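Each chain, letter by letter, is given below.
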Amino acid sequence: MTTKKVTKRTLPKTAAKKGSKLFSEAAVAQIKDEQTEWEESVLKEYPKKKPETRAEFRTGSGDIAVKEIYTPADIPDFDYSKNIGLAGQYPFTRGIYPNGWRSHEWPLQYYSGFGTTEDTNKRFKELLAQGASNVTVACDLPTQIGYDSDDSMAAGEVGKVGVAICSLDDLERLYEGLPVDRVSGTGNLNCLGPIALAFCYVLGEKRGVRPSDMQVGFQNDPFKEYTGRGTFSFPPRVALALAIDVVEFCSKNLPRWWPQHVCTTQMRWGGCTAAEEVAFGLANLVTYLDADVERGIKLGELVPKMHLHMTADNDLFEEAAKFRATRRLWAKIATKRYETKDPRVVGLRITNYTGAHRMTAQQPMNNIVRSTMHTLACMLGGVDAIMNPAYDEALALPTVESTRLAALTRRILHYESGTANTVDPLAGSYYVESLTDQIQEQAQKYFDEIEAMGGALAAIESGYYLKAMADGMVKYQREVESEERIIVGVNKDVLPEEVPVKIFMGNPEAEKKQIANVKKLRAKRDKALVKEALAKVRAAAEEKMVKPTYNTVPVLLEATRAYCTIGEIRKVWLDVFGEYKPLTYY
Amino acid sequence: MAKRIRVLMAKPGLDGHETGAKLIARVLRDAGMEVIYTGMRQSPEMIVAAAIDEDVDVIGLSTLSGSHKEHASRVIDLLKQKGADNIVVLSGGVIPKEDYAALQSLGVKGVFGPGTSTRVIIDFIKSSVVSNN
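Here goes a summary of the coordinates provided. None of the values given here were measured: they were computed from a predicted structure. (Residues numbered from 1 in each chain as written. Chains lettered and ligands numbered in written order. Predicted model: local features only at pLDDT ≥ 70, side-chain atom pairs only at ≥ 80, totals over all residues. Heavy atoms only, no water.)

1. Remarks on the overall build of chain B
Where we set the bar: Put simply, DSSP marks the helices as runs of H or I at least four residues long and the strands as runs of E at least two long, and each gets a number from the N terminus on. The atom set for the radius of gyration is the C-alpha atoms, and the globule formula is 2.2 Å times the number of residues raised to the power 0.38. Throughout, exposure labels follow a simple rule: accessible area from a 1.4 Å probe, protein chains only, divided by the maximum for the residue type, with under 20% read as buried, over 50% as exposed, and the rest as partly exposed.
Along its length, chain B carries five helices and five strands. N-terminal to C-terminal, the α/β element order of chain B is β-α-β-α-β-α-β-α-β-α. Computed over C-alpha atoms, the radius of gyration of chain B comes to 13 Å, within 12% of the 14 Å expected from 2.2 N^0.38 for 133 residues, which places it in the range of a compact globule. Each principal axis of the C-alpha distribution contributes one length, and for chain B these read about 40 × 35 × 25 Å. Counting all 133 residues of chain B, 56% fall into the buried class.

Right, dumping it as structure tokens:
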């Protein structure tokens with residue numbers, strides 16, 4: 001036997017990457033042959049004896065048919081390095097952290113608020129005493145939209161879905177005896193981002209904490225409001241400019257603050273498919289980032305502080321594949337669009353608020369199982385922070401017990417199930433890799449469609465997003481009512497009489513109390529200071545109409561210190577920016 | 001030929017989650033009814049004015065924010081004031097079972113929460129409007 005002598009000349013100086021295609025053509029051909037024989041002799045006969053339970057098996061979103069079996073013949077060109085690679089590097093399919101969740105813990109964190117500031121202060125202290133790492137403030141609808149508690153439009157709504165915050169005065173009372181260095185910035189004031197920033201900033205000042213030392217996070221995603229949530233006031237272009245004011249101010253003055261995260265939750269909950277969820281989210285994200293770039297904000301410093309906030313639906317493998325497809329598609333889009341290989345820009349963090357839309361009113365305890373499914377999909381899919389709705393989501397605001405159980409869902413899975421011990425454990429599954437490819441392909445198609453029509457703003461203004469959601473919702477409802485789609489407790493395993501569940505009933509006195517608070521504030525304020533501050537808010541808004549990149553935050557800091565109310569500021573803005581009258585599609 | 005049933009789907013108050021209201025609007029329209037959807041952020045005054053203007057048989061109120069009793073009460077009071085209390089008022093959305101009786105005693109004819117079959121809602125409307133006429 002001769003061995004070939006290996007010399008320096010026979011080895012190339014730098015070995016070219018050959019790729020790591022897993023399956024040879026011969027192997028795939030053989031598997032295909034075996035499969036064809038199996039389909040004809042074994043598979044075809046089986047349903048004759050035992051009919052399948054459905055006419056068609058499809059993924060939860062309905063747009064991908066699911067076969068009986070998946071083999072390498074379904075992903076014949078699968079190339080490990082090119083298609084998925086390793087974790088923490090391009091194309092980020094397997095996740096953005098090299099070691100997955102081994103250095104990670106899912107914190108006990110909550111989104112909470114109701115009634116008066118005293119009610120919420122008490123609830124926050126209870127949650128923190130039980131070990132919560134932080135609590136995001138849920139504000140009531142008047143606050144989220146920008147009505148003071150005593151506005152006629154606020155009647156019946158004050159303190160219902162969250163706490164009423166009309167001014168800094170309320171925020172100060174909310175944080176009495178609570179640390180302000182870890183404030184989760186007044187939750188969903190999505191269309192009033194600069195006001196939310198100003199309130200948190202001045203709260204710090206009042207408590208003797210340097211705002212730049214605080215760690216504050218905002219959602220600040222106005223597009224969310226035009227696509228299924230409804231707290232908008234001004235035209236989308238104005239809302240975008242206001243949101244970027246927050247991002248710009250933070251990037252220049254408050255580097256520890258996380259100024260924005262982009263949501264797909266409301267669109268999926270409103271009826272769109274998994275692939276649409278991916279596409280719509282990324283289309284919104286590029287619109288925001290393009291606007292950031294326009295103001296000179298460095299994406300490498302910004303994007304690590306942002307995340308795509310998605311939801312998790314019922315189909316475990318479709319959802320896990322969706323998250324993988326999202327990261328891989330973003331890596332592809334961002335590399336090209338922003339001409340960068342910077343992993344800070346190209347590696348997208350995904351967070352989650354799991355399937356609130358799948359929480360049934362019937363037999364609500366079943367929802368604990370559903371939340372577990374959703375959370376498992378997130379962990380398998382490489383999702384970062386996870387928030388869960390409580391099992392009584394369809395009935396009322398959560399109780400302390402139901403919200404704690406929701407938060408423990410992810411802790412139990414993390415500590416007890418072993419799911420998070422290794423990176424992307426589903427990788428290599430013929431089914432999951434096939435799903436990942438298919439979802440990405442569809443999402444790319446929708447993303448390109450949105451680009452072609454002019455981007456996210458055009459998709460909002462034309463009703464494109466709303467149409468996708470409404471059509472999806474009608475289809476879903478038809479499937480449920482025809483029992484094509486089974487929901488346990490709703491159209492199967494129905495109880496003739498529901499077992500009552502203890503639910504949270506709120507504070508019926510909150511509205512009266514809060515109206516009195518606001519009136520008291522207005523009486524004791526320096527009226528001249530308020531008038532002057534609001535005049536400056538108006539002047540800044542007028543300047544912004546001429547130059548959309550004009551930053552409204554500085555005058556709002558002054559207005560906040562003067563105890564101007566959200567309602568007063570919004571009235572000025574409405575006067576200058578105008579009110580948005582959306583198309584209705586159903 | 002029977003006159004088509006006219007329904008006003010409305011979102012009183014500030015909740016902006018329209019998915020349910022829009023779904024019902026579409027389903028009722030597909031079932032042959034004439035449906036007007038007011039959009040979100042309607043005051044009870046706006047809803048009653050629209051209902052009278054549009055000469056509807058039914059008002060469907062959709063709320064997810066917990067303000068269902070306050071708004072139903074105000075709508076029904078206004079309908080009485082304006083002599084239009086033959087209009088059937090229905091409620092839907094996130095409404096605890098504990099409040100169903102209270103709504104019905106206010107004058108709401110039917111409460112249809114999440115998971116209700118749309119067939120049930122269609123049949124209820126058809127029988128309510130017939131009995132009214």
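Structure shown, so let's carry the discussion forward.
2. Observations concerning helix 17 (residues 430-453) of chain A
The line we're drawing: Any helix carries an expected span of 1.5 Å times its number of residues minus one.
Taking 1.5 Å as the rise per residue, helix 17 of chain A with 24 residues should run 34 Å; its terminal C-alpha atoms sit 35 Å apart, in good agreement. At the C-terminal side of helix 17 of chain A, glycine 454 of chain A shows a positive phi close to 120 degrees.

3. Re a negative patch on the surface
Stated formally: Patches in this entry comprise residues that are over 30% relatively accessible and not in a salt bridge; like charges within 9 Å are linked, as are nonpolar side chains (Val, Leu, Ile, Met, Phe, Trp, Tyr) within 5 Å. To be clear on the numbers: accessible area is Shrake-Rupley with a 1.4 Å probe, and residue cover counts the displayed protein chains and nothing else. Whenever a carboxyl oxygen of Asp or Glu lies within 4 Å of a side-chain nitrogen of Lys or Arg, that contact is scored as a salt bridge. Lys and Arg are tallied as positive, Asp and Glu as negative. Neither His nor the chain termini are counted. Every charge is mapped onto a representative atom, which is NZ of Lys, CZ of Arg, CG of Asp or CD of Glu.
A surface patch of negative charge is lined by Asp33, Glu34, Glu37, Glu39, Glu40, Glu52 and Glu68 of chain A. The topology assignment puts glutamate 40 of chain A in helix 1 (residues 25-43).

4. With respect to the sheet that holds strand 3 (residues 58-63) of chain B
All names here are of chain B. Put simply, the rule is: At least two bridges found by DSSP between two strands is the condition for calling them paired. Inter-axis angles, ranging from 0 to 180 degrees, are taken between N-to-C directions of lines fitted to C-alpha atoms, where helices are fitted over the stretch in contact. The contact rule is simple, with two residues in contact once any of their heavy atoms fall within 4.5 Å.
The strand order across the open sheet formed by five strands is 2-1-3-4-5, and the pairing between neighbours is parallel. The outermost strands of the open sheet, each flanked by one partner alone, are strand 2 (34-37) and strand 5 (110-112). Neighbour to neighbour, the strand axes of the sheet diverge by 20 degrees on average, direction disregarded. Sheet topology places strand 1 (residues 6-10) next to strand 3; four bridges connect them, and they run parallel. Note on strand 3: the bridge partner recorded for alanine 10 is leucine 61. Against the sheet, helix 1 (residues 19-30) engages strand 1, strand 2 and strand 3, with an angle of about 160 degrees to strand 2.

5. Some details on the environment of isoleucine 350 of chain A
Residue and element names in this part refer to chain A. Assignment of secondary structure puts isoleucine 350 in strand 5 (residues 350-353). Sequence separation between isoleucine 350 and isoleucine 96 is 254 residues, and the spatial gap between their C-alpha atoms is 9.3 Å. Leave out the neighbours within four places in its chain, and isoleucine 350 touches Leu308, Met310, Phe323, Thr326, Arg327, Val383, Asp384 and Ala385.

6. Some thoughts on the sheet that holds strand 4 (residues 308-310) of chain A
Residues and elements named next belong to chain A. In space, the four strands of this open sheet follow the order 3-4-5-6, with parallel pairing throughout. If you trace the sheet from one side to the other, it starts and ends with strand 3 (262-263) and strand 6 (386-387), each paired once. Bridge count for strand 4 against strand 5 is three bridges, and the pairing is parallel. By the bridge assignment, histidine 309 is partnered in strand 5 with threonine 351.

7. Re the packing of aromatic side chains
All names here are of chain A. Filter applied, for reference: Each pair of aromatic rings taken from Phe, Tyr and Trp, with Trp reduced to its six-membered ring, is defined by centres within 6.5 Å and is described as stacked if the planes are under 30 degrees apart, edge-to-face if over 60, and tilted in the remaining cases.
Enumeration over the complete set of coordinates arrives at 22 aromatic pairs over all chains. Considering the side-chain rings of tyrosine 226 and tyrosine 580, the 5.3 Å spacing of their centres and the 80 degrees angle between planes classify their relative orientation as edge-to-face. You can see tyrosine 226 sitting in helix 8 (residues 222-229) and its partner tyrosine 580 sitting in the segment after helix 23 (566-577), a full 354 residues away along the chain. As far as burial versus exposure is concerned, tyrosine 226 and tyrosine 580 are alike and both buried.

8. Quick word on the nonpolar core
Note that soluble globular proteins tend to have their nonpolar side chains buried in a common cluster. Residue and element names in this part refer to chain A. Under the convention used in this document: Buried residues of nine kinds, namely Ala, Val, Leu, Ile, Met, Phe, Trp, Tyr and Cys, make up a nonpolar core once their side-chain atoms join them within 4.5 Å.
Core analysis: the largest hydrophobic core is formed by 78 residues, its most contacted members being Phe280, Leu282, Leu285, Leu289, Trp330, Tyr338 and Tyr465. Here the element with the most residues in this core is helix 11 (residues 274-294); it accounts for 11 residues. Not counting chain neighbours up to four residues away, the residues in contact with leucine 289 comprise Leu299, Leu302, Val303, Met306, Trp330 and Tyr338. Judged by nonpolar contacts, the second largest core, of 60 residues, contains Leu189, Val216, Val246 and Ala533.

9. Some words on the state of the cysteines
All names here are of chain A. The condition is simple: Criterion for a disulfide: a pair of cysteine sulfur atoms at a distance within 2.5 Å.
Overall, the coordinates contain zero disulfides over all chains when judged by the stated rule. Among the cysteines around cysteine 200, which has no disulfide bond, cysteine 139 carries the closest sulfur, lying 9.2 Å off. With no disulfide of its own, cysteine 250 lies 9.7 Å from the sulfur of cysteine 200, the closest cysteine sulfur.

10. Quick look at helix 11 of chain A
Spanning 21 residues, helix 11 of chain A covers 31 Å between terminal C-alpha atoms, matching the ideal 30 Å at 1.5 Å per step. Along helix 11 of chain A, 18 of the 21 residues are buried, which leaves the element largely enclosed by surrounding structure.

11. Some points on the interface of chain B and chain A
Threshold: Buried surface area refers to the total accessible area, computed with a probe of radius 1.4 Å, that the two partners give up upon joining, counted for both partners together. In protein, a polar contact means a hydrogen-donor-capable atom and an acceptor-capable atom, both N or O and within 3.5 Å, with residues adjacent in sequence counting only if both atoms are side-chain atoms; elsewhere, any N or O pair within 3.5 Å suffices.
If you look at the interface, chain B gives 33 residues, while chain A gives 39 residues. Taken together, the two surfaces of chain B and chain A that pack against each other cover about 2,900 Å², and 56% of this comes from carbon and sulfur. Of all residues in chain B, the largest losses of buried area upon contact with chain A belong to Leu14, Arg26 and Arg41 of chain B, amounting jointly to 26% of the total for that side. The tally of links from chain B across to chain A stands at three salt bridges. Glutamate 70 of chain B is the salt-bridge partner of lysine 160 of chain A, the closest N and O atoms lying 2.6 Å from each other. Counting across the interface, chain B meets chain A through 12 residue pairs in polar contact (both at pLDDT 80 or more). Breaking the side of chain B that touches chain A down by element, the ones donating at least two residues are helix 1, strand 2, helix 3 (68-81) and helix 5 (118-132) of chain B. The leading source of residues in the side of chain B that touches chain A is helix 1 of chain B, at seven residues.

Note that all results are geometric; they support no functional claim without further evidence.
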